[in-house]
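# Per-entry structural report
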Amino acid sequence: MPTKVVIGAQWGDEGKGKTIDILAGKADVVVRTSGGNNAGHTIEADGVTYKLHLMPSGILNPKTLNIIGNGVVVDPKVLLEEIDGMESKGISTRNLKIDARAHVIMPYHIVLDGLSEAARGKGDIGTTKKGIGPCYMDKAERSGIRMCDLVNPEKFPVCVRENLKLKNKMIELVYGGTPLDPESVIAEYTAYAKRLAPYVTATTPILYNSICEGKEVLFEGAQGILLDLDLGTYPYVTSSHPISGGVCVGSGIGPTMIDECIGILKGYTTRVGNGPFPTELDDEVGEAIRQKGHEFGTTTGRPRRTGWFDAVIAKYAVRTSSLTSVVLNKIDPLGGLDKIKLCVAYEKDGVITTDFPPTLEELARCKPIYEEMDSWSEDISNVKEFDKLPEAAQKYVLRVEELCGCRVSSIGVGPGRDQNIDR
C-alpha cells in the first residue's frame, strides 16, 4: 500500500505545497484531511504561481483524484473562488471530491471569530479570523452544519434558523455585534450549495478502495505539528490535528494503511501569531532571512516571525508523528550570512534538555543553546546534486539530519518545483 503522509514539522509554512506538488505528480489520489482556509500552499509550476487554501495540491495533475476529507472545515465561498480561479487558468476541477461529513464554515463563525479575538485584547490568539475555531467548536458541540446538510434543500434552512437563534444572541448580547439575517444567509449559501452539490459524496469508500487496489495515495498536511490542538503550543494553536495521526481521523482510514510519514522542515524556523519562540531573531539577521525567504503568509500576507533552526522542535516532530524522513526546504536564504546558528538544546532553569516542554510557561523559560556553523557565498539555486553543494551547506544539512535523528531525503534550494536535491 504505497501511501505517504506529508506534514509540516514546525509551526507551518515550511513549503509543504511544493513537496506535495512534486509527489502529487506520481499520485493517483491526494487527500486534504484537516484545517480550513486558514492554511495555504503556494505552488509554482510552469512559471505560474498558484495559491491554494482548500484545494488539494494534486489539482494541477489532471489524472489525480483530489479529496477534501471529513476532517476539513469548508468555507463554500472560498472554495468556489478557488474552483473558478483554477478553471480560469485552464485547470479542471472535475476530479475534486468533498466528503459529505466535512463541516461548513458559516458567516456567523467568521463574525464570532473576529469578535472573540477583539474581546481578548492583548491576549488574542492571533487567529486568521476566518471562522475556523468557531466551526470546530460547533462540530464538537454537535450543532455543526455538514456538507451533506448544506446540499439538502429541506434540512439546510432549518439548521441555519435554529443555529442563528443562539448565535445572534452571542453576537449581539455578548459581543455587541450586529445580528445576522437568517433568510439572507440561507439564500446566499443555497446558491453555493447548488454549485458544490456535484462534488459532495462519501469519500471514505473511494479512499479505502484506492489503497486496497495499490494506488499511490498522498495525504496532504496543513499547518504544522506545533499548531496541533493537543500537542502544539496551546492555546496558540489551530483547532485541528496537523500531526500524522490526524490524517486517519480526518480521512476515515486506519493507521496500518500508512507507509511513509514525511516531515517538512525549513533551514530556519518561522511562526505566525503569538506565543513563545525560543530562537526568534528580532534583528537585522531575522529581517534578512524574512526578505530572502519571502516569509509572508499565503493566506493573510502577514510577516512571519523568523529564527534559527530549532532541533528540539524537529526531534519533537519526528517523535510525535513517527517521521520516516524529512525534507529540508529553504536552505538558500541562509547563504551569505556571516554565520549560521542551530539550536541543539534548551537550557531551562539551569538544566539542559532536548525535550520540547508541554507548557507555554516552561517554553518561555527555555533559552536556546546554539552551535555555530559557517555559511556559504555561492548561489545554490540551480544545484541538482548533494555533493555539488558548497561544503558548508553539505555540513549544515548533515548536522540537521544528525540532530533530528531522521534522514533528510530532499533539500530545497529555491521555490520552484525543480529546485530540489534528492538524496
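Above this text sits the structure in question.
Attention here is on the structure that accompanies the text.

## Looking at the overall build of the protein chain
When you go through the protein chain residue by residue, the secondary structure sums to 13 helices and 20 strands. For the protein chain, the C-alpha radius of gyration of 22 Å lies close to 22 Å, the compact-globule estimate for 423 residues. For the C-alpha atoms alone, the extent of the protein chain along its principal axes is close to 65 × 50 × 40 Å. Per-residue burial over the protein chain gives 57% buried out of 423 residues. A sequence separation of at least 24 residues applies to 74% of the contacts in the protein chain between residues at least 6 apart. Side chains of the protein chain give 49 positive and 57 negative charges; the mean places of these two sets differ by 3 Å.

## Remarks on the pattern of salt bridges
Evaluation of the coordinates by the stated rule reveals 25 salt bridges. The closest approach of N and O atoms between lysine 266 and glutamate 295, which form a salt bridge, is 3.0 Å. One end of the pair, lysine 266, is in strand 11 (residues 260-266); the other, glutamate 295, is in the loop between helix 10 (284-292) and strand 13 (305-307), with 29 residues separating them in the sequence. On the accessibility criterion, lysine 266 (0% relative accessible area) is buried.

## Quick word on the packing of helix 6 (residues 155-174) against helix 7 (residues 182-196)
Remark: helix 6 packs on helix 7, axes separated minimally by 10 Å, with the N-to-C direction vectors making an angle of 145°. The handedness of the crossing between helix 6 and helix 7 is right-handed. Contacts between helix 6 and helix 7 involve Phe156, Pro157, Val160, Arg161 and Leu164 on the former and, on the latter, Pro182, Glu183, Val185, Ile186, Tyr189 and Thr190. Considering only residue class, the contact of helix 6 with helix 7 consists of 8 nonpolar, 1 polar and 2 charged.

## Focus on the packing of aromatic side chains
Think of a pair of aromatic rings as described by two things: how far the centres are apart, and how the planes are tilted against each other in angle. Summed over the entire model, instances satisfying the criterion amount to 3 aromatic pairs. When the centroid spacing of 5.0 Å and the interplanar angle of 75° are considered together, the rings of tyrosine 189 and tyrosine 192 count as edge-to-face. Taken together, the residues tyrosine 189 and tyrosine 192, both in helix 7 and 3 residues apart, mark about one turn of the helix. A residue is classified by how much of its surface remains accessible, and tyrosine 189, at 3% relative accessible area, is buried. Over the aromatic face of phenylalanine 386 sits the side chain of arginine 423, whose NZ or CZ is 4.7 Å from the ring centroid.

The rules behind the values
Residues numbered from 1 in each chain as written. Predicted model: local features only at pLDDT ≥ 70, side-chain atom pairs only at ≥ 80, totals over all residues. Heavy atoms only, no water. Helix = DSSP H or I, 4+ residues; strand = E, 2+ residues; numbered from the N terminus. Rg over C-alpha atoms; globule rule 2.2 N^0.38 Å. Buried < 20%, exposed > 50% of the residue type's maximum accessible area, 1.4 Å probe, protein only. Contact = heavy atoms within 4.5 Å. Lys, Arg positive; Asp, Glu negative; His and termini not counted. Charge placed at Lys NZ, Arg CZ, Asp CG, Glu CD. Salt bridge = Lys/Arg side-chain N within 4 Å of Asp/Glu carboxyl O. Axes fitted to C-alpha atoms, helices over the stretch in contact; angles between N-to-C directions. Left-handed = near helix turned anticlockwise from the far one by under 90°. Nonpolar A, V, L, I, M, F, W, Y, C, P; charged D, E, K, R; others polar. Phe/Tyr/Trp six-rings, centres within 6.5 Å; stacked < 30°, edge-to-face > 60°. Lys NZ or Arg CZ within 6 Å of the ring centre and 35° of its normal.

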